[in-house]
Amino acid sequence: TKYGDAMFSGCTNLTSIKIPNWDVAGGTTFEDMFNNCHKLESLDLSSFTSTSLITNMATMFYSCKALTHLNLSSFDTTNLTMANAMFRDCTSLKELDLTSFDTSKITISKYMFEGWSSSQKVYITSKWTLGTNFPPTFISTFANIIAKYKFDQNTYENFIPTFNSDFTDYNI
């Protein structure tokens, strides 16, 4: 079941949207949902419930260049398999809290954070596993930007990422 697939994609003049209490139970994809919403500035999706069946969030926020605030705190990503280019070119987003994300089933993640600058930060937890599901291109990109990431001070105060020599495994 496609639920939200490309729903707002290409709404280039959309600056804000309010989506209260949206139960997306039964849906499987959010692909391209806000893709190319170039003027969208703030988006609070914390009211989304029942996201555990969503498997595809590819290019969901791709090229949301004006986005400065994004709340995904209610997202249950335990079945997410596709996250390629999900946050690609979100150049105005200075901080992104992905502490609710579980990446253990992701198999496609290429370009997930492509276009991010050194001033942008992503918050993650140990639910982020970057093992063989993540291609070397993602791992090397992640390794290059890992210094920009700010982690929960209670858990990752002395965080040091380690990679094996061919970038196929990532350990927290």
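Before reading on, note that the structure itself is shown above.
Residues numbered from 1 in each chain as written. Predicted model: local features only at pLDDT ≥ 70, side-chain atom pairs only at ≥ 80, totals over all residues. Heavy atoms only, no water.

Here's the deal with the overall build of the chain
Stage number 1. Across its full length, the chain holds two helices and eight strands.
Stage number 2. Taken from N to C terminus, the helices and strands of the chain fall in the order β-β-β-β-β-β-α-α-β-β.
Stage number 3. Burial analysis of the chain (172 residues in total) assigns 42% to the buried set.
Stage number 4. Across the chain, every contact between residues at least 6 apart in sequence was considered, and the portion connecting residues at least 24 apart equals 79%. (Helix = DSSP H or I, 4+ residues; strand = E, 2+ residues; numbered from the N terminus. Buried < 20%, exposed > 50% of the residue type's maximum accessible area, 1.4 Å probe, protein only. Contact = heavy atoms within 4.5 Å.)

A look at the nonpolar core
Across soluble globular proteins, nonpolar side chains show a tendency to be buried alongside one another.
Stage number 1. Ranked by size, the top nonpolar core spans 37 residues in total, and within it Phe34, Leu45, Met60, Phe61, Phe87 and Leu98 carry the most contacts.
Stage number 2. Here Phe87 is in contact with Phe61, Leu70, Leu72, Leu96, Leu98, Met112, Phe113, Glu114 and Trp116, once residues within four sequence places are set aside. (Core = buried A, V, L, I, M, F, W, Y, C linked by side-chain atoms within 4.5 Å.)

Considering the side chain of Thr29
Stage number 1. Along the polypeptide, Thr29 turns up in the loop between β1 (22-23) and β2 (42-44).
Stage number 2. For Thr29, a relative accessible area of 7% corresponds to the buried category.
Stage number 3. A polar side-chain atom of Thr29 sits 3.0 Å from the main-chain amide nitrogen of Glu31.
Stage number 4. Of the polar contacts made by the side chain of Thr29, one reaches the backbone oxygen of Asn56; its length is 3.4 Å. (Polar contact = N/O pair within 3.5 Å; in protein donor to acceptor, adjacent residues only side chain to side chain.)

Section: unusual backbone geometry
Stage number 1. Although it is not a glycine, Thr59 adopts a positive phi angle of roughly 50°.
Stage number 2. With respect to the secondary-structure elements, Thr59 resides in the loop between β3 (48-49) and β4 (69-71).
Stage number 3. Judged by relative accessible area, Thr59 falls into the buried class, the value being 14%.
Stage number 4. At Ala85, a position not held by glycine, the phi torsion is positive, near 55°.
Stage number 5. Inspection of the secondary structure assignment puts Ala85 in the loop between β4 and β5 (95-97).
Stage number 6. For Ala85, a relative accessible area of 7% gives the class buried.

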